[in-house]
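Survey of secondary and tertiary structure
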Amino acid sequence: MQVSSSFDVATLTTTQSQQKVKEQVQVSLLKKMMQQTQQMMQELQKSLKPPKNDQGSISIYA
């Protein structure tokens with residue numbers, strides 16, 4: 001791109017800054033989604049474990 005005026009420089013700088021902000025937001029959202037997915041997986045694993053049986057008796061679940 002050929003720069004012919006200070007307006008072009010300002011436009012180029014603004015465009016680059018906007019792109020950087022968009023990329024930072026995307027990374028931020030991705031990190032948040034990964035955290036939420038990890039929390040959901042942990043909750044799912046907790047709910048899939050059978051109940052603890054301290055007395056040693058047999059229970060039947062319908």
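Rules used throughout
- Residues numbered from 1 in each chain as written.
- Predicted model: local features only at pLDDT ≥ 70, side-chain atom pairs only at ≥ 80, totals over all residues.
- Heavy atoms only, no water.
- Helix = DSSP H or I, 4+ residues; strand = E, 2+ residues; numbered from the N terminus.
- Buried < 20%, exposed > 50% of the residue type's maximum accessible area, 1.4 Å probe, protein only.
- Areas by Shrake-Rupley, 256 points an atom, 1.4 Å probe, with all protein chains shown as cover.
- Patch = residues over 30% accessible without salt bridge, like charges linked within 9 Å, V, L, I, M, F, W, Y side chains within 5 Å.
- Salt bridge = Lys/Arg side-chain N within 4 Å of Asp/Glu carboxyl O.

Notes on the overall build of the chain
Across its full length, the chain holds 1 helix and 0 strands. For the chain, buried positions account for 2% of its 62 residues. Accessible area of the chain: about 6400 Å², with a carbon and sulfur share of 58%.

Regarding a nonpolar patch on the surface
On the surface, Val21, Val25 and Leu29 cluster together into a nonpolar patch covering about 260 Å² of accessible area. Position of Leu29 among the secondary structure elements: in helix H1 (residues 6-48).

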